[in-house]
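Residue-level listing of the chains:
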Amino acid sequence: MRLPLVVARGGLRSAVPPLCFSIERPQGEDDMDLQMPSRALDPHRLPRHVLPARYDLRLEPDLDQATFAGIVAIAVDVHQRTSDIVLNAAELDIATACAEAADGSSCEGRIEIEDALEQAHILFRRPLDPGRRTLHLTFNGRLNDKLRGFYRSTYRDTSGTIHRLAATQFEATDARRAFPCWDEPDFKAVFGTTLVVDPTMTAVANTTVMSERVEGGKKVLRYADTIKMSTYLVAFIVGRLEATEPQQVGKTPVRLWAVPGKRQLTPFGLEIAVASLKFFEGYYGIPYPGDKLDLLAIPDFASGAMENLGAITFRETAILVDERRATHAELERVADVVAHENAHMWFGDLVTMSWWNGLWLNEAFATFMEMLAVDAWKPEWKRWETFGVSRAAAFSVDGLWSTRPIEYPVRAPKDADAMFDVLTYEKGASVLRMVEQYLGPTVFRGGVREYLRAHAYGNADTKDLWVSLGKAAKIPVPELMDAWIFQSGYPLVHVGVRENMLWLYQERFTYLADPDAVTTSSSMNISGGRQEQLWQIPIQIRITANGKAETTRLLLKETETHLELPKGLESVLVNEEGHGFYRVDYSPPLMDRLLNNLNALSPIERFNLVNDAWAIAVKGIRPLTGYLDLTARFKSETNKNVWAVLLDSFQTLYRILGSGDRPAFEAFVRDRVGSTAGELGWAPQRGEDDLVKQLRGEMVAAFGKLGNDKATQARAVEAYQAYREDAAAVDPNLLPAIVSILAYTGDAARYEEFFWRFRSAATPQEERRYLFSLAGFRQRELLEQTLAKTINGEIRTQDAPFLVSAVMNNVHGRELAWEFVKTNWDAMDRLFPKQGLRRMCGGITALATRELERDVRDFFSSRKISLGGKTLDQYLEQLRIVVRLKGEEKDLIRYLKPFSWLRQE
Ligand code: BES
Ligand code: ZN
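Residues numbered from 1 in each chain as written. Chains lettered and ligands numbered in written order. Predicted model: local features only at pLDDT ≥ 70, side-chain atom pairs only at ≥ 80, totals over all residues. Heavy atoms only, no water.

Asker: Teacher, can you tell me more about the overall build of the chain here?
Answerer: Summing up its helical and strand segments, the chain has 27 helices and 30 strands in all. The globule rule puts the C-alpha radius of gyration for 905 residues at 29 Å, and the 28 Å found for the chain is close to it. Overall, the C-alpha framework of the chain stretches about 90 × 65 × 55 Å when taken along its three principal axes. Burial status across the chain gives 61% buried among its 905 residues. (Helix = DSSP H or I, 4+ residues; strand = E, 2+ residues; numbered from the N terminus. Rg over C-alpha atoms; globule rule 2.2 N^0.38 Å. Buried < 20%, exposed > 50% of the residue type's maximum accessible area, 1.4 Å probe, protein only.)

Structural data, given as structure tokens:
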């Protein structure tokens with residue numbers, strides 16, 4: 001399947017718009033017309049005969065009453081005579097509407113609300129002629145508790161008093177819940193905001209405060225005009241927040257905000273904020289587009305963070321951290337999220353995708369840039385190596401028949417929400433990494449700069465990116481890239497030797513042979529399903545012969561190709577350095593040669609070797625027992641990512657075994673893990689790097705839980721005791737392991753203690769660690785308590801759905817959790833943020849028995865539940881795959897037999 005080559009609109013535009021504040025880019029109106037979707041085809045889209053240019057917005061929230069009052073004056077350009085202005089509004093009570101002409105004359109409009117479409121019609125008795133008008137609207141709304149639109153968040157201070165704050169979360173389609181607006185990403189406009197707040201409170205918006213005065217006992221804050229930008233990037237936060245001192249990056253003051261008393265948790269986040277901002281200004285060659293940069297920690301937050309221009313919001317775990325008490329993974333998470341959101345200030349905020357089908361232009365780029373920035377900041381973290389784990393996550397979903405292309409049609413808001421997934425983020429970023437390496441980093445950066453300059457303050461599509469990259473690389477990019485973006489799935493490259501030739505053959509990788517095996521909730525659209533699919537695959541091969549390694553590069557465009565091999569062949573490694581987005585299936589002799597000299601492979605190459613071998617075993621084209629044998633070659637592996645993929649596969653196998661077979665499997669795990677775990681011990685070595693510290697934690701956890709090793713469990717109790725006496729006595733990287741082992745072996749008293757520790761934690765990471773430990777106990781009564789807490793108000797709704805899914809992932813709690821979900825679905829639907837509910841359902845993929853699978857399918861189909869896009873189909877297909885793997889149980893049990901004779905000392 002090839003898409004026709006389209007001449008991009010942006011291609012002819014070469015004038016570089018000046019990058020100054022609040023500039024209006026002269027944008028040909030026809031830009032929009034070309035994109036205009038037919039209303040008949042898509043009633044969710046707004047008509048384009050009236051376009052907004054600027055909003056003057058005044059909002060007055062009442063935190064105690066949980067309400068807000070608003071006034072907005074929208075300067076609009078009427079392009080066609082009309083008596084009907086259509087814009088978005090949801091859960092707003094619009095009281096008055098009137099249109100004012102340039103001469104001051106005005107006429108009142110009648111307001112009609114179309115709830116299902118979240119649209120408001122302003123109807124005029126006499127049609128408005130083309131020209132500029134100001135549309136005046138007054139409205140009221142409620143500060144909701146669903147963590148979207150304009151919502152209310154609460155927190156307790158140290159004395160236990162509850163305080164409130166108000167925050168916004170507009171992406172993808174929730175600005176319309178805070179003020180009536182043209183809530184689609186390509187209706188860019190300038191925003192001039194005024195907030196009217198309680199004088200004891202602070203308020204933050206996208207830009208600097210221009211004026212502050214007291215009026216009728218209220219504080220009135222007026223903010224500078226924003227740049228021309230999309231509605232989903234508007235933000236305001238009101239509460240008693242405290243800021244750090246600003247740090248200057250060029251002209252930009254950078255501050256970090258949190259609720260009072262968290263100052264000591266800000267330095268690390270601020271450091272990466274400053275470092276990544278500098279990095280991006282250099283990489284993009286364009287100054288930061290805002291006038292200040294605030295990063296705000298919000299106690300209740302649906303996702304990880306949100307890239308509102310100049311006022312980035314975060315959940316607390318993603319920005320507030322105590323560097324001395326956090327694990328490597330927790331620090332990396334903060335660095336990632338901060339760098340990611342900062343990257344968006346250009347990719348997303350300055351240049352925005354035209355519509356949600358192109359979300360990858362925002363999110364894949366931000367993810368890719370996040371890696372570059374963190375890698376530049378702390379090269380010793382080897383961020384690109386760890387990125388292998390993200391690429392592997394994308395491979396998992398993209399190996400389903402129910403996957404989707406990176407760019408995928410979006411109509412209803414629910415489908416826009418469903419775009420925020422591993423395909424947009426991780427597959428998108430992987431594909432960018434592949435093309436960056438193929439074109440060369442400097443050429444690629446040149447293309448990126450050209451793209452940002454050409455579309456600054458505007459919108460762009462994938463083909464615009466191709467044009468810019470093509471200019472920089474001087475090659476036709478669409479042929480190379482279209483299949484990766486517009487086609488589902490990815491290739492599996494079979495490699496073998498015949499008559500002194502190396503043969504390479506590509507076909508689409510899927511776990512299940514037959515798409516019909518997974519006909520699910522909705523009709524499945526198998527794009528390119530059974531017909532042959534091809535990709536242009538940049539392949540880098542390392543051929544070692546007579547002790548010498550040589551690299552060969554080729555672009556595999558056809559189904560197969562072959563190349564001559566040198567005499568004295570020792571080994572062939574395909575996907576050298578691991579940047580390619582494809583899997584490799586070696587013939588057994590080639591695989592043996594690689595396994596016999598694993599030291600010759602880099603960590604990412606070993607990672608891919610294991611990951612591909614596991615996927616191929618799950619697919620069923622090579623025996624599972626062969627994979628289990630392969631894992632024996634990695635007993636002395638020292639890379640944490642390679643271990644992550646090994647342990648993940650063990651976890652999946654553990655899930656398909658009945659309880660009687662688990663002890664043998666535990667012995668198998670001890671056999672595989674024991675040597676490295678023993679080698680690393682419990683004490684960090686002087687001068688050891690952070691990655692080894694993290695590995696130690698993970699090996700201890702695996703040995704103690706999946707391996708059910710009694711000595712490790714006893715040692716964890718001692719270590720926890722030592723930690724209780726002196727927090728500095730234990731390396732932070734060991735704490736997650738210790739806590740989770742103690743939960744695994746713990747009783748009601750331990751449960752109470754951990755719950756108390758969750759309530760009184762000093763850092764967001766510690767709070768999270770103890771909260772999630774509550775999903776790791778094994779007793780039914782304790783897991784029941786955990787589930788109950790998810791809907792009785794004891795824990796935040798930002799966390800509750802993830803806790804439910806964690807219990808589903810616990811083999812001792814999965815039945816319980818599934819019953820709980822079924823019984824309480826309506827309450828969860830009412831209480832949890834939308835995306836939380838969707839993520840929670842990801843937990844069903846762990847319900848790996850035939851009976852549960854049947855029940856899960858019945859539930860979702862009888863309740864006619866949709867999770868947007870293809871989300872549910874994907875979860876169900878993943879479940880199908882593990883249940884099918886359970887069909888191999890007999891072989892597995894036979895393989896494990898000798899291990900059941902191994903006894904623990
Ligand atoms: N733009 C997203 C936030 C978002 C996510 C809005 C989902 C609407 C729906 C933000 O840039 C983002 O990607 N956040 C990530 C963290 C990031 C480091 C991958 C998140 O929230 O998980
Ligand atoms: Zn993002």
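After that view, the rundown keeps rolling.
Asker: Whenever I open this one, the layout of surface pockets confuses me. Can you help?
Answerer: With a probe scaled to a water molecule rolled over the atoms, the places where space remains empty come into view. Looking at the largest pocket, its volume works out to about 1500 Å³. Around the largest pocket, the lining is made up of 42 residues, and of these T154, Y155, R156, E767 and R796 lie nearest the centre. Listed by contribution, the elements that provide at least two residues to the lining of the largest pocket are β9 (149–156), β10 (162–169), α19 (748–759) and α20 (764–773). A per-element tally of the lining of the largest pocket places β9 first, with five residues. Residues belonging to the lining of the largest pocket are distributed by class as follows: 14 nonpolar, 13 polar and 15 charged. (1 Å grid on protein atoms, 1.4 Å probe; cavity = no way out; pocket = protein on both sides within 12 Å on 5 of 7 lines; lining within 4 Å. Points joined across faces, edges and corners; volume = space filled by probe spheres on them. Nonpolar A, V, L, I, M, F, W, Y, C, P; charged D, E, K, R; others polar.)

Asker: It is not clear to me how the coordination of the zinc ion (ligand 2) should be interpreted in this structure. Could you clarify?
Answerer: Each donor-metal-donor angle in an ideal tetrahedron of four donors is 109.5 degrees, and each such angle in an ideal octahedron of six donors is either 90 or 180 degrees. The protein atoms donating to the zinc ion (ligand 2) are H340 (NE2), H344 (NE2) and E363 (OE), with metal-donor distances spanning 1.8 to 2.1 Å. Mapping the donors of the zinc ion (ligand 2) onto the primary sequence yields the spacing H-x3-H-x18-E. With H340 and H344 both in helix α3 (residues 328–344), this residue pair falls four residues apart, about one helical turn. Exposure class is identical for H340 and H344. Each is buried. (Donors = N, O, S within 2.8 Å, 3.2 Å for Na, K, Ca; no water.)

Asker: How should the site of ligand 1 be read in this particular structure?
Answerer: Close to ligand 1 lie 15 residues; E171, G304, E307, E363 and Y425 are nearest. Within the contact set of ligand 1, an oxygen atom lies 2.8 Å away from a side-chain nitrogen or oxygen of E341. Between an oxygen atom of ligand 1 and a side-chain N or O atom of H344, the distance comes to 2.9 Å. The protein chains hide 90% of the 500 Å² of surface that ligand 1 would expose on its own. When residues of the shell around ligand 1 are assigned to their parent elements, the largest contribution, four residues, is made by α3. (Near = heavy atom within 4 Å. Polar contact = N/O pair within 3.5 Å; in protein donor to acceptor, adjacent residues only side chain to side chain. Areas by Shrake-Rupley, 256 points an atom, 1.4 Å probe, with all protein chains shown as cover.)

Asker: Sorry if this is basic, but what is going on with helix α10 (residues 477–486) here?
Answerer: For an α-helix the count is 3.6 residues per turn, leaving residues at separations of three or four pointing the same way. The element α10 is largely enclosed, with a buried count of eight among its 10 residues. Restricting attention to buried positions, one finds in α10 the residues V477, P478, L480, M481, D482, A483, W484 and I485. In this fold, the buried residues of α10 make contact with α4 (360–377), α7 (422–439), α9 (462–473), β24 (491–498), β26 (537–545) and β27 (548–556). (Contact = heavy atoms within 4.5 Å.)

Asker: Looking at this structure, how should I read the side chain of T313?
Answerer: Topologically, T313 is positioned in strand β21 (residues 311–315). With relative accessibility at 0%, the residue T313 sits in the buried group. Only 3.1 Å separates the side chain of T313 from the side chain of N308, close enough to count as a polar contact. What T313 contacts, discounting residues up to four positions off in sequence, is I237, L296, I298, F301, A305, M306 and N308.

Asker: I tried to follow the packing of aromatic side chains on my own but got confused; where do I start?
Answerer: Centre-to-centre distance and the angle between the planes together describe a pair of aromatic rings. What the rule picks out here adds up to 53 aromatic pairs. Ring geometry for F650 against F665: centres 6.5 Å apart, planes inclined by 85°, an arrangement best described as edge-to-face. Pair noted here: F650 is in helix α14 (residues 640–656) and F665 is in helix α15 (residues 662–680), with a separation of 15 residues, a long-range link. For the pair formed by F650 and F665, the shared burial category is buried. The ring of W355 carries the charged tip of R45 above its face, separated from the ring centre by 3.5 Å. (Phe/Tyr/Trp six-rings, centres within 6.5 Å; stacked < 30°, edge-to-face > 60°. Lys NZ or Arg CZ within 6 Å of the ring centre and 35° of its normal.)

Asker: So what exactly am I meant to see when it comes to the sheet that holds strand β5 (residues 106–108) here?
Answerer: Each strand in a sheet pairs with its neighbour through backbone hydrogen bonds, running either in the same direction (parallel) or in the opposite one (antiparallel). Taken in spatial order, the eight strands make up an open sheet running β5-β4-β8-β2-β1-β11-β14-β13, and their pairing is mixed. Every interior strand has two partners, whereas the edge strands, β5 and β13 (209–215), have only one. Here the average twist between neighbouring strands, direction ignored, is 15°. In this sheet, β5 lies alongside strand β4 (residues 92–101) in antiparallel orientation, the contact comprising three bridges. Its bridge partner lying in β5, E100 is registered against S106. (Pairing = 2+ DSSP bridges. Axes fitted to C-alpha atoms, helices over the stretch in contact; angles between N-to-C directions.)

Asker: Mind showing me how you'd approach the nonpolar core here?
Answerer: Most often, soluble globular proteins keep nonpolar side chains buried together rather than apart. Grouped together as the largest cluster of nonpolar side chains are 308 residues, with contacts concentrated most on W182 and Y284. No other element matches α4, which puts 12 residues into this core. (Core = buried A, V, L, I, M, F, W, Y, C linked by side-chain atoms within 4.5 Å.)

Asker: Would you explain empty space enclosed by the protein in this entry?
Answerer: With the rule as written, the count across this model stands at eight cavities of 30 Å³ or more. The calculated volume of the second largest cavity comes to roughly 130 Å³. Every residue along the wall of the second largest cavity is listed here: P299, R315, E316, T317, P764, E767, R768, L771, R796, Q798 and D799. The element that contributes the greatest number of residues to the lining of the second largest cavity is α20, accounting for four residues.

Asker: Explanation requested: the environment of D398 in the structure shown.
Answerer: One can find D398 in helix α5 (residues 383–398). Distance in space between the C-alpha atoms of D398 and V422 is 8.9 Å, their sequence separation being 24 residues. When neighbours within four sequence positions are excluded, D398 is seen to be in contact with T403, R404, L423, K427, S488, G489, Y490, F509 and F581. In this structure the side chain of D398 is engaged in a polar contact, spanning 3.1 Å, whose partner is the backbone nitrogen of G489.

Asker: What is the right way to read the packing of helix α2 (residues 267–284) against helix α8 (residues 441–455) from this model?
Answerer: Each pair of packed helices gets described by two things: the angle between the helix axes and the distance between those axes. Contact pair α2 / α8: the axes reach a minimum separation of 9 Å and the direction vectors enclose 90°. With respect to their mutual orientation, α2 and α8 come out roughly perpendicular. Seen from α2, the contacting residues are G282, Y283 and Y284; seen from α8, they are F444, R445, V448, R449, L452 and R453. For the contact of α2 with α8, the class distribution of residues is five nonpolar, one polar and three charged. (Parallel < 35°, antiparallel > 145°, perpendicular 65-115°, else oblique.)

Asker: In this structure, what is going on with the pattern of salt bridges? I would like to understand it.
Answerer: A side chain of one charge can pair with a side chain of the opposite charge when the charged atoms of the two come close. Applying the stated criterion to the full structure yields 56 salt bridges. As a salt-bridge pair, E112 and R110 come within 2.7 Å of each other at their nearest N and O atoms. The closest approach of N and O atoms between E332 and R383, which form a salt bridge, is 3.7 Å. Highlighted residues: E332 in helix α3 and R383 in helix α5, separated in sequence by 51 residues. What you see here is one network of salt bridges that share partners, running through E91, E118, R148, D174, R176, R177 and D183. (Salt bridge = Lys/Arg side-chain N within 4 Å of Asp/Glu carboxyl O.)

Asker: Would you take a moment to explain the environment of G447 for this structure?
Answerer: With respect to the helices and strands, the residue G447 is situated in helix α8. With relative accessibility at 0%, the residue G447 sits in the buried group. For G447 and D585, which are 138 residues apart along the polypeptide, the C-alpha to C-alpha distance reads 33 Å. With residues near it in sequence (within four places) discarded, G447 still touches S468, L469 and A472.

Asker: What is the right way to read the sheet that holds strand β30 (residues 583–586) from this model?
Answerer: Read from one edge to the other, the open sheet built from four strands follows the order β28-β25-β24-β30, with strand pairing classed as mixed. Unpaired on one side and paired on the other, β28 (560–564) and β30 mark the two borders of the sheet. Put simply, the sheet's adjacent strands are angled 25° from each other on average, direction ignored.

Asker: Help me out: how do you make sense of unusual backbone geometry in this one?
Answerer: Peptide bonds are mostly trans, and most non-glycine residues show a negative phi. Cis rather than trans, the peptide bond between E171 and A172 has omega equal to 5°. If you trace the backbone, A172 turns up in the loop between β10 and β11 (190–197). Notably, K474 is not glycine yet its phi reads approximately 55°, a positive angle. With respect to the helices and strands, K474 occurs in the loop between α9 and α10.

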